[in-house]
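A closer look at the structure
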Amino acid sequence: MRDPSWQQNRRILLIDDNEAIHGDFRRILRSDAERSTFDGLESALFREAPGRRPVRFELTTATQGAEGLEKVREAQQRGAPYALAFVDVRMPPGWDGIETLSRIWQEDGAIQAVLCSAYSDYAWEEISTRFGNTDNLLILAKPFDPNEVRQMAFALTEKWNQRRALSGANHKVSAQYTVTKILVESTTLSSGVLALLSALGETLGFRFGALWLGDDESDGLRCEHTWSAAPDDSAALEAATRGTRFARDAGLPGRALAQGEPSWFCDLDAVEDDPRARAARGAGLRFAVELPIAVRADARVAAVLELMDAEPREPDPGLLDVLLAIAAKAGHFIGSKRVEAALRRSEANNRALLYAIPDTILRISSGGICLDFKASRESRPSLRAEDFLHRHVADVFPARVAEQITELVARALADDATHVFEYQEQLREGTRDYEVRIAGSDRAEAVVIVRDITERKRAEAETEARRAREEALRAQNEILAALSTPLIPISDDIVVMPLVGALDAQRARRVQETLVRGVASRRARVAILDITGVPRIDGQCADELLRAATAVRLLGSEVIITGLSPDVARTLVALGVDMSGIVTHATLQDGIASAMTSAGARRRPGRRRARRRR
């Protein structure tokens, strides 16, 4: 198994104006001659078994303080700082060791330091006054012992690494605490996600973050929340990320969603299936980690947390544990906010539906106390919730109405049925009608719905009045129709229909209907149609009259038309009306005389036959 210390920081900077000292340090820190002796000392000092893999140091040298300071800056910029610096006190003509170390600590306060001196240029009190009480500094007197140098090198670099590990652990704990605090205090999903991404970037050193939420429509992911430590540099990446959808197993987040486990991408240059990789490289980002989030509300992977950085990071079990813990908290948060959002939508819908009902709604306890109240949209301005809440129905309704409500509430709670009654209330603007519906919601309370039915009652009354008027009008029309087409019997065999006034198509059809029905019911032998009082007639009316005459003739009766005026006669001729088979007379008297003669002639043969039978 590989020794973890092999990957620890053993980078050492030597600042000394003597090149011979540089050679000595290379031999001491890199030579194998004293390895066995040093390993024994190291094992005794750190209580470790001998035989470990030897520690190898990475030594960098500088001859002057300014050169050493520049190397410290470069190392910081590369993200590979020195763990330890050996600094000579005397380095003419430049800065001395005290000044050099003072400037180095301004750039990198975590670096461990050893001051090397063969002279008592500075007393410890002076050094202590210059740097204060610090545990980052040791003094090494010249000439120095190689074992002492190696011991210092190992101990101080180990101290730097342990402090860095402790600092990293503190950062991780701080990140978890910060995330937990954010998720607890956030009231909405959007604000919580933005604060979460920002906290992860600031506490764990990431440069870009995004949260991909499950998209129910595509069974994939959609990003709506991003964060960047440098918004100007990552504008193209944010534009390519926010609002983008990825199907399952597509792109970096889709791949993590399909696999259901964290994914480390140490080199975004090698990513080909995510179109955002180019934008990420343009923003100076080379590393990404994708963390699937199981949302507890629906017990499935429904989100992916994406974090990117400029420097590649090897898989770090400690960091991964922290990120997984944060992902679990985020899953709980997303699930709870989704449930809260669904509840808010449901409550809003129910509230909208409730307030869309144009009725007054009350919750009444079994004791008759109003527990809740919603006024109707058309309620009087004086009708206020505070006038009803926590008051007995007898205090807010007329006495007889309160008695009915109290009685029906008790019945509704007992039989789970809906009870209805109506009442009237006399107000300043007039009488109002109300319908009250009472239903039990549980054994302790009932819902009372009061609906203003004044307009409905008024509409019903108007409908009934209109129906009565229409019925009377219909009866009058029937009477007028009968008067306009009277059928008068003048004997058992003869009927007369005198027509007076204008004759239109509708009236002509009524003439036909009345005449045919009357002839059939009376079994008349002759029907006289007198049009003396008809001033004019058109073609359609003439056709209707001829149809009436034809229908009567089909019944075996004779039709006589009387009272043809000269104008009507000319009109019939001009229209080419066929009057063949129809008897006409100038006056009604002539027509009646002709009808009686015709009827008598029809009866005589019957009588002669009857006498012969006797």
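Keep in mind that what you see is a predicted model, and the values were worked out from it rather than measured.

Cut-offs and rules
- Residues numbered from 1 in each chain as written.
- Predicted model: local features only at pLDDT ≥ 70, side-chain atom pairs only at ≥ 80, totals over all residues.
- Heavy atoms only, no water.
- Helix = DSSP H or I, 4+ residues; strand = E, 2+ residues; numbered from the N terminus.
- Expected span 1.5 Å × (residues − 1).
- Buried < 20%, exposed > 50% of the residue type's maximum accessible area, 1.4 Å probe, protein only.
- Arc of directions from axis to C-beta.
- Contact = heavy atoms within 4.5 Å.
- Axes fitted to C-alpha atoms, helices over the stretch in contact; angles between N-to-C directions.
- Parallel < 35°, antiparallel > 145°, perpendicular 65-115°, else oblique.
- Left-handed = near helix turned anticlockwise from the far one by under 90°.
- Patch = residues over 30% accessible without salt bridge, like charges linked within 9 Å, V, L, I, M, F, W, Y side chains within 5 Å.
- Areas by Shrake-Rupley, 256 points an atom, 1.4 Å probe, with all protein chains shown as cover.
- Salt bridge = Lys/Arg side-chain N within 4 Å of Asp/Glu carboxyl O.
- Pairing = 2+ DSSP bridges.
- Polar contact = N/O pair within 3.5 Å; in protein donor to acceptor, adjacent residues only side chain to side chain.
- Nonpolar A, V, L, I, M, F, W, Y, C, P; charged D, E, K, R; others polar.

So, helix α15 (residues 505-522)
Its 18 residues give α15 an end-to-end C-alpha distance of 26 Å, which sits within 8% of 26 Å, the value for a rise of 1.5 Å per residue. Following α15 by one or two positions, Arg 523 has its phi on the positive side, about 55°.

What to know about helix α13 (residues 399-415)
An α-helical turn contains 3.6 residues, so a residue and the one three or four places further along point in the same direction. Counted at 1.5 Å a residue, the expected span for α13 with its 17 residues is 24 Å, and the 24 Å between its end C-alpha atoms agrees. All of the buried residues along α13 are Val 401, Ala 402, Ile 405, Leu 408, Val 409, Ala 412 and Leu 413. Down the axis of α13, the buried set is contained in an arc of 135°. They therefore lie on one face. Of the exposed residues in α13, those oriented more than 90 degrees away from the buried face are Ala 399, Glu 403 and Ala 414.

Some remarks on the environment of Thr 178
Tracing the backbone through its elements, the reader meets Thr 178 in helix α6 (residues 146-185). According to the relative accessible area criterion, Thr 178 is partly exposed, its value standing at 24%. Along the primary structure Thr 178 and Ala 195 are separated by 17 residues, whereas in three dimensions their C-alpha atoms are 9.6 Å apart.

What about the side chain of Thr 100?
Here Thr 100 is to be found in helix α4 (residues 97-107). Apart from the residues within four sequence positions on either side, Thr 100 is in contact with Ile 15, Gly 65, Val 87, Met 91 and Trp 95.

Quick look at the packing of helix α3 (residues 65-78) against α4
Where α3 contacts α4, the two axes come as close as 9 Å, and the packing angle between them is 15°. Taken together, the axes of α3 and α4 lie roughly parallel to each other. In the packing of α3 onto α4, the handedness of the crossing is right-handed. Only Thr 100, Arg 103, Ile 104 and Glu 107 of α4 make contact with α3, whose side of the interface consists of Gly 65, Leu 69, Val 72, Arg 73 and Gln 76.

A short note on a nonpolar patch on the surface
Taken together, the side chains of Leu 354, Tyr 355 and Ile 357 present a nonpolar region at the surface, about 260 Å² in accessible area. Mapping Leu 354 onto the fold places it in helix α11 (residues 317-356).

Some details on the sheet that holds strand β21 (residues 583-585)
Taken in spatial order, the five strands of this open sheet run β17-β18-β19-β20-β21, and their pairing is mixed. Of all strands in the sheet, those bounded by a partner on one side alone are β17 (488-489) and β21. Pairing between strand β18 (residues 494-500) and strand β19 (residues 526-533): six bridges, direction parallel. The residue of β19 that forms the bridge with Ile 494 is Val 526. Its contacts with the sheet place α15 against β17, β18 and β19, and it is angled at close to 165° to β18.

Some remarks on the side chain of Gln 112
Assignment of secondary structure puts Gln 112 in strand β4 (residues 112-117). For Gln 112, a relative accessible area of 0% gives the class buried. A polar side-chain atom of Gln 112 sits 3.2 Å from a polar atom in the side chain of Asn 136. With residues near it in sequence (within four places) discarded, Gln 112 still touches Ala 83, Leu 84, Ala 85, Asp 135, Asn 136, Leu 156, Lys 159, Trp 160 and Arg 163.

A few points about the packing of helix α7 (residues 189-204) against α11
The N-to-C vectors of α7 and α11 enclose an angle of 170°; their axes lie 11 Å apart at closest approach. The pairing of α7 with α11 is recorded here as roughly antiparallel in orientation. Where α7 approaches α11, its residues Leu 189, Gly 192, Val 193, Leu 196, Leu 200 and Leu 204 are matched on the opposing element by Leu 319, Leu 323, Ile 326, Ala 330, Phe 333, Ile 334 and Lys 337. In terms of residue class, the contact of α7 with α11 is made up of 11 nonpolar, one polar and one charged.

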